[in-house]
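Listed below are the residues making up each chain.
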Amino acid sequence: MQIIAHRGASGLAPENTLKAMSLALDLGAKAIELDVQWADGELWVFHDRRLERCTNGQGVLTGQSREYLASLDAGDEERIPTLWQVMALVAGRCELHIELKGAHTAEPVAALTRRAEAELGFTQAHWVISSFHHPELAHFASLRPDLRLGALTASLPLHGARFAEELGAWSLNCDVDFVDQTLVADAHRRGLKILVYTVDEVSDERALASMGVDGIFTNRPDRFS
Ligand code: G3P
Ligand code: MG
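### Points about the overall build of the chain
In step 1: When helices and strands are counted, the chain shows 8 helices and 9 strands.
In step 2: Taking 225 residues into account, the globule formula puts the C-alpha radius of gyration at 17 Å, and the chain, at 17 Å, falls close to it.
In step 3: Overall size of the chain, expressed as C-alpha extent along the three principal axes, is 50 × 35 × 35 Å.
In step 4: Across the 225 residues in the chain, those meeting the buried criterion constitute 53%.
In step 5: Pairs at least 24 residues apart make up 54% of the contacts formed inside the chain by residues separated by at least 6 positions.
In step 6: Each charge class in the chain was averaged separately, 21 positive and 32 negative side chains, and the resulting centres sit 2 Å apart.

As structure tokens, this is what we get:
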């Protein structure tokens, strides 16, 4: 069972911050998931569409200036990191599962993964690029066909894992509320891994392991080490 620190060690530090990433590394995480959005010419590591829940700012992230976003407190006086800042911190020490949160992310993420391979010690094997935005994921695949993709769903698809196979994905990433034995079997039959989010209880992880699930995203990587 692969354990992926969700938004860093986000149950123990402010989500998607350098502190959460650093803590995940300290806990020995072999993989970290993070969310990226594009605003004012930069990739920001941030989950929500709006700023209010996770920062002292206001408004929709994608409409803000670089100066404003860099000035915000994202919890414990952490800043919203850029993707490059997280890459520089991790520097090839674990896998990064980069979730494209929306439009205009595929091209800059493709460029930045290439730059990180050249400058920061990452290899192609360090990346899994995922998204609920399947057209953006397909666009990414056309830019970097050499990287693994994770096709996200927050529902039980009508045709099982077919959508993930059609995207050429490496994994189908499903919400814990919807995954079932049939979906796991269908993903495996199509040669796909199946990863499940968000799983913080050991008893849930045990049940998913017996279902054949290949990995989990957790806010509490300390519970699974
Ligand atoms: O990538 C797994 C998970 O992060 C997807 O959902 O909303 O937590 O980004 P969300
Ligand atoms: Mg995510």
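### Some points on the site of ligand 1
In step 1: In the vicinity of ligand 1, the residues found are His-6, Arg-7, Glu-33, Asp-35, His-47, Glu-99, Lys-101, Phe-132, Leu-152 and Tyr-197.
In step 2: His-6 places a polar side-chain atom, nitrogen or oxygen, 2.8 Å from an oxygen atom of ligand 1.
In step 3: In the environment of ligand 1, an oxygen atom lies 2.7 Å from a nitrogen or oxygen atom belonging to the side chain of His-47.
In step 4: Calculation on ligand 1 without its partners gives an accessible area of 290 Å², and the protein chains cover 91% of this total.
In step 5: Residue classes in the shell around ligand 1 are distributed as 3 nonpolar, 2 polar and 5 charged.

### Observations concerning the side chain of Thr-113
In step 1: Tracing the chain through its elements places Thr-113 in helix H4 (residues 106–119).
In step 2: Sequence-distant contacts of Thr-113, that is, excluding residues within four places in its chain, are made with Met-87, Ile-98, Trp-127, Arg-144 and Leu-147.

### Some points on helix H5 (residues 134–143)
In step 1: Of all the positions in H5, only Glu-136, Leu-137 and Phe-140 are classed as buried. Axial view of H5: buried residues confined to an arc of 100 degrees, hence all on one face. Facing away from the buried side of H5 by more than 90 degrees, the exposed set consists of Pro-135 and Ser-142.
In step 2: Where H5 is buried, its residues meet strand E4 (95–100), H4, strand E5 (127–131) and strand E6 (148–153).

### A closer look at the coordination of the magnesium ion (ligand 2)
In step 1: Distances from the magnesium ion (ligand 2) to its protein donors, namely Glu-33 (OE), Asp-35 (OD) and Glu-99 (OE), fall within the range 1.9 to 2.1 Å.
In step 2: Taken in chain order, the donor set of the magnesium ion (ligand 2) reads E-x1-D-x63-E.
In step 3: The class for Glu-33 is buried, based on a relative accessible area of 3%.
In step 4: Residue Asp-35 is classed as buried on the basis of its relative accessible area of 0%.

### What to know about the side chain of Thr-105
In step 1: When you line up the elements, Thr-105 lands in the loop between E4 and H4.
In step 2: Residue classification places Thr-105 among the buried positions, given a relative accessible area of 1%.

### Focus on the layout of surface pockets
In step 1: Each pocket or cavity is described by its volume, and for the largest pocket that value is around 180 Å³.
In step 2: As for the largest pocket, its lining consists of Gln-2, Ile-3, Leu-27, Gly-28, Ala-29, Lys-30, Glu-95, Pro-221, Phe-224 and Ser-225.
In step 3: Looking at the lining of the largest pocket residue by residue, the classes come out as 5 nonpolar, 3 polar and 2 charged.

### Here's the deal with the packing of aromatic side chains
In step 1: Tallied over the full model, the rule gives 2 aromatic pairs.
In step 2: Look at Phe-122 and Trp-127: their rings are 4.4 Å apart centre to centre, the planes differ by 25 degrees, and that puts the pair in the stacked class.
In step 3: We classify Trp-127 as buried; its relative accessible area is 0%.
In step 4: A centroid spacing of 6.2 Å and a plane angle of 80 degrees characterise the contact between Phe-132 and Tyr-197, whose relative ring orientation is edge-to-face. Placement of the pair is Phe-132 in the loop between E5 and H5 and Tyr-197 in strand E8 (residues 193–197), with a sequence separation of 65 residues.

### Section: H4
Given 3.6 residues to a turn, an α-helix orients residues that are three or four positions apart in the same direction.
In step 1: The end-to-end C-alpha distance of H4 is 20 Å, a good match for the 20 Å that 14 residues give at a rise of 1.5 Å each.
In step 2: Considered for burial, the residues of H4 that qualify are Ala-106, Pro-108, Val-109, Ala-110, Leu-112, Thr-113 and Ala-116.
In step 3: Taken together, the buried residues of H4 touch strand E2 (31–39), strand E3 (42–45), helix H3 (83–90), E4, E5 and H5.
In step 4: Remark: Gly-121 follows H4 within two positions and exhibits a positive phi of approximately 85 degrees.

Conventions used here
- Residues numbered from 1 in each chain as written.
- Chains lettered and ligands numbered in written order.
- Predicted model: local features only at pLDDT ≥ 70, side-chain atom pairs only at ≥ 80, totals over all residues.
- Heavy atoms only, no water.
- Helix = DSSP H or I, 4+ residues; strand = E, 2+ residues; numbered from the N terminus.
- Rg over C-alpha atoms; globule rule 2.2 N^0.38 Å.
- Buried < 20%, exposed > 50% of the residue type's maximum accessible area, 1.4 Å probe, protein only.
- Contact = heavy atoms within 4.5 Å.
- Lys, Arg positive; Asp, Glu negative; His and termini not counted.
- Charge placed at Lys NZ, Arg CZ, Asp CG, Glu CD.
- Near = heavy atom within 4 Å.
- Polar contact = N/O pair within 3.5 Å; in protein donor to acceptor, adjacent residues only side chain to side chain.
- Areas by Shrake-Rupley, 256 points an atom, 1.4 Å probe, with all protein chains shown as cover.
- Nonpolar A, V, L, I, M, F, W, Y, C, P; charged D, E, K, R; others polar.
- Arc of directions from axis to C-beta.
- Donors = N, O, S within 2.8 Å, 3.2 Å for Na, K, Ca; no water.
- 1 Å grid on protein atoms, 1.4 Å probe; cavity = no way out; pocket = protein on both sides within 12 Å on 5 of 7 lines; lining within 4 Å.
- Points joined across faces, edges and corners; volume = space filled by probe spheres on them.
- Phe/Tyr/Trp six-rings, centres within 6.5 Å; stacked < 30°, edge-to-face > 60°.
- Expected span 1.5 Å × (residues − 1).

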